Amino acid sequence: MSHDKKCVVIKIGSHHTIAGFNNTELPQCILPSSYIKKGNDYIFGTINMLEECIDKYENESQQTLEIFTTVDENGIPYNWTVIEQQLKYIYETELKCNSKDFPLIITVPHLKNELANKVVERYFNLAFNKLNVPVFQIVIEPLAIALAMGKTSALVIDLGSSGCNVTPIVDGTIVKTSVMRSRFSGDFLDYIISERLNDLLKSDTFQMTDTDGDIILSNNDSTTRSLQTKDSIDIWYESNTWIQDFKINMLQVSDKELPELERYYKEQAEIQIRQQEQLQQYSTNNTEAKLDAAAIASITNNNPLSQKKNFLFKGNKNSKQTVSLELRECYQLSESLFNPALISDKYTKEDGLGEIIGKAIKKAGASVSSVGTNTVGSLGASMTIQPATNQSKNNNPFGSSIGGNASNNSTGGLNGGINSLGSSTTTPEHIYSTLLTNIIVTGATSLINGMEQRIIKELSIRFPQYKITTFANQITMDRKIQGWTSSVSMCNLPSWELAKWYTKTDYEKESNKDETKEN
Ligand code: ATP
């Protein structure tokens, strides 16, 4: 097969599905992965879905509309009937081509073995039996991201919507036992932002005005109380409208833990008070001179954390209201990703981002060194990817190209065929240092101001003797679609033999082999 063959690349995330062709810089479409069910019809696509929501709010339509997801809270696709409908919709209305005419690449997150088998089989069934694609490949997202950045070893931190995945990759191989996931990410922030704003709107004396300045809502109004009872449409609409704006304009991550930051500014204020007093003592020649209460208050009130940030809240009834939050509250909202215990005592700090990233690195050090992986350096090594052959280790007929294996001695899919350049036994310290100097931060939630610096800070506390280097795409759109563009890079590699492509005949052969083995 020629390497310049045009093919379709689709990334199915829990928030967005991104689809396009491998010969373009940007995808053809970015759609919500969820859909609206209206009677027996499925409504896909951002504009169509937003129109349905607006129609519901403007006409107070009584028709029951509900939003459903296709990917579960762990980022795993489960609603296969609808995924099929959605992919057909993408081919027909967005890509405007026939699925039979182009090879297809689907990007999946790293999945645990038992799940990977099921999900991969479903995808193969979908590709060959429902969409009738001629050739099909599955790409593991974190691996594609690392390889597309020219790295065979990296720690990929993907802050998405349903969760944050931390994937250590060593010598082109995902260290399966040390992949960690925190469920605290974009969706969790949506929830706490919505709760916080609801509390503010309930407690404040406020009036909302429409675009003509007429009062359409006050906190005595029954509609305000109904803000509490949201259905799935309201939740989806809010997450995709004002909550998005709120995240972009208001959220900030502090470079250190919030109590530490409070202490820092308090100390700064005390230093300033002492300096002012010394100045006063010097100018008045009175060694006992003290600042008066007003001067002290003015210094302490100057705390940067007390500065107000304003947000124009636009409700779903074309209403507007300015909401003011102190900077410390903005920090506090995103701080919950690092310390979820701040939100509820049901959660612990161990579930926070800093902890799970630290654990992933330590586990990677322990697992890779315990199986004696040899060291590999260059990208060239990662490019010798062979078809999967090691099926006795992995029951999935196609699965050795999915996931990864802690030992790079294995053959199979993306793991196999990596040329070992040396044969010295790897120590945990070597793995720590390799991962810490190759941290890739990706996923749209990582776009919150200050996120990268905070990740560096969290790691420098846990690994003080190591150099830490992060790589994050600085262009907003590029970071949002990085999973997709990386898969495009993978499928544009100079030879089709670099990764495993399957035809329907391969698929049937593998399935038959598998059935025979089972019998
Ligand atoms: P997953 O990785 O969980 O499968 P996904 O890949 O579909 O999900 P992303 O597109 O990486 O998800 O992230 C979506 C999340 O990022 C949403 O919660 C969205 O609100 C949030 N988000 C989008 N843009 C920004 C931004 N500029 N700042 C902060 N958060 C953002």
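Note that the coordinates shown come from a computational prediction; the quantities given were computed from them, not determined experimentally. (Residues numbered from 1 in each chain as written. Predicted model: local features only at pLDDT ≥ 70, side-chain atom pairs only at ≥ 80, totals over all residues. Heavy atoms only, no water.)

Caption draft 1: Focus on the site of the ligand. Taken together, 19 residues form the shell around the ligand, and within it Lys 11, Ser 14, His 15, His 16 and Lys 247 come nearest. Here an oxygen atom of the ligand and a side-chain polar atom of Lys 11 are 2.7 Å apart. Note that an oxygen atom of the ligand is positioned 3.0 Å from one of the backbone N or O atoms of Ala 444. In the complex, 93% of the free accessible area of the ligand, which totals 660 Å², lies under the protein chains. The dominant element in the shell around the ligand, judged by the number of residues it contributes, is helix α8 (residues 242–249), at 3 residues. A per-class count over the shell around the ligand returns 4 nonpolar, 12 polar and 3 charged. (Near = heavy atom within 4 Å. Polar contact = N/O pair within 3.5 Å; in protein donor to acceptor, adjacent residues only side chain to side chain. Areas by Shrake-Rupley, 256 points an atom, 1.4 Å probe, with all protein chains shown as cover. Helix = DSSP H or I, 4+ residues; strand = E, 2+ residues; numbered from the N terminus. Nonpolar A, V, L, I, M, F, W, Y, C, P; charged D, E, K, R; others polar.)

Caption draft 2: Structural context of the environment of Phe 124. In this fold, Phe 124 is placed in helix α3 (residues 113–130). Given a relative accessible area of 2%, Phe 124 falls into the buried group. For the pair Phe 124 and Thr 503, spaced 379 residues apart in the sequence, the C-alpha separation amounts to 9.8 Å. (Buried < 20%, exposed > 50% of the residue type's maximum accessible area, 1.4 Å probe, protein only.)

Caption draft 3: Representation of a nonpolar patch on the surface in the model. Judged by side-chain polarity, Leu 26, Ile 30, Ile 475 and Met 477 come together as a nonpolar surface patch covering roughly 350 Å² of accessible area. Within the element layout of this structure, Met 477 appears in helix α16 (residues 476–480). We classify Met 477 as partly exposed; its relative accessible area is 40%. (Patch = residues over 30% accessible without salt bridge, like charges linked within 9 Å, V, L, I, M, F, W, Y side chains within 5 Å. Salt bridge = Lys/Arg side-chain N within 4 Å of Asp/Glu carboxyl O.)

Caption draft 4: Seen up close, the pairing of strand β16 (residues 320–326). Taking every second residue as pointing to the same face, the buried face of β16 carries Gln 321, Val 323 and Leu 325, while none of Lys 320, Thr 322, Ser 324 and Glu 326 on the other face is buried. With 7 bridges connecting them, strand β15 (residues 308–314) and β16 associate as antiparallel partners. Bridge pairing in β16 links Lys 314 to Lys 320. (Pairing = 2+ DSSP bridges.)

Caption draft 5: Quick look at the side chain of Asn 79. Mapped onto the elements, Asn 79 comes out in the loop between β6 (65–68) and α2 (80–95). A residue is classified by how much of its surface remains accessible, and Asn 79, at 16% relative accessible area, is buried. In this structure the side chain of Asn 79 is engaged in a polar contact, spanning 3.4 Å, whose partner is the backbone oxygen of Thr 69.

Caption draft 6: Spatial organisation of the packing of aromatic side chains. Enumeration according to the criterion identifies 24 aromatic pairs in this entry. Aromatic side chains Phe 124 and Tyr 507 sit 5.8 Å apart centroid to centroid with 15 degrees between the ring planes, which places their arrangement in the stacked category. One end of the pair, Phe 124, is in helix α3; the other, Tyr 507, is in helix α18 (residues 504–518), and 383 residues separate them in sequence. For the pair Phe 124 and Tyr 507, a shared accessibility class is recorded, and that class is buried. (Phe/Tyr/Trp six-rings, centres within 6.5 Å; stacked < 30°, edge-to-face > 60°.)

Caption draft 7: Structural detail: the pattern of salt bridges. In this structure the tally under the stated criterion is 15 salt bridges. Between Lys 349 and Glu 257 there is a salt bridge, with the nearest N and O atoms lying 2.7 Å from each other. Residue Lys 349 is found in the loop between α11 (327–338) and α12 (353–370), and its partner Glu 257 is found in the loop between α8 and α9 (258–284); the two are separated by 92 residues along the sequence. The partly exposed category is assigned to Lys 349, whose relative accessible area is 31%. We classify Glu 257 as partly exposed; its relative accessible area is 28%. The residue Glu 262 makes a salt bridge to Arg 328 at a minimum N-O spacing of 2.7 Å. Residue Glu 262 is located in helix α9, and its partner Arg 328 is located in helix α11; the two are separated by 66 residues in the primary sequence. Here the salt bridges do not stand alone but share partners, grouping Glu 335, Glu 355, Arg 454, Glu 458 and Arg 462 into one network.

Caption draft 8: Looking closely at the sheet that holds strand β2 (residues 16–21). Pairing is mixed across the open sheet formed by 6 strands, whose spatial order is β3-β2-β1-β7-β8-β19. What marks the edges here is a single partner per strand, and that holds for β3 (29–32) and β19 (502–503). Pairing analysis gives 4 bridges linking β2 to β3, with the strands arranged antiparallel. Each bridged residue has a counterpart across the sheet, and for Ala 19 the counterpart in β3 is Cys 29. Contacts from α3 reach β1 (8–12), β7 (104–108), β8 (135–140) and β19 within the one sheet, and its direction differs from that of β8 by about 150 degrees. (Contact = heavy atoms within 4.5 Å. Axes fitted to C-alpha atoms, helices over the stretch in contact; angles between N-to-C directions.)

Caption draft 9: Inspection of the packing of α9 against α11 at higher detail. Interhelical geometry of α9 versus α11 gives an angle of 155 degrees and a closest axis separation of 10 Å. The angle between the axes of α9 and α11 places the two elements in the roughly antiparallel class. In contact with Leu 258, Leu 261 and Glu 262 of α9, α11 contributes Arg 328, Tyr 331, Gln 332 and Glu 335. Tallied by class, residues from the contact of α9 with α11 come to 3 nonpolar, 1 polar and 3 charged. (Parallel < 35°, antiparallel > 145°, perpendicular 65-115°, else oblique.)

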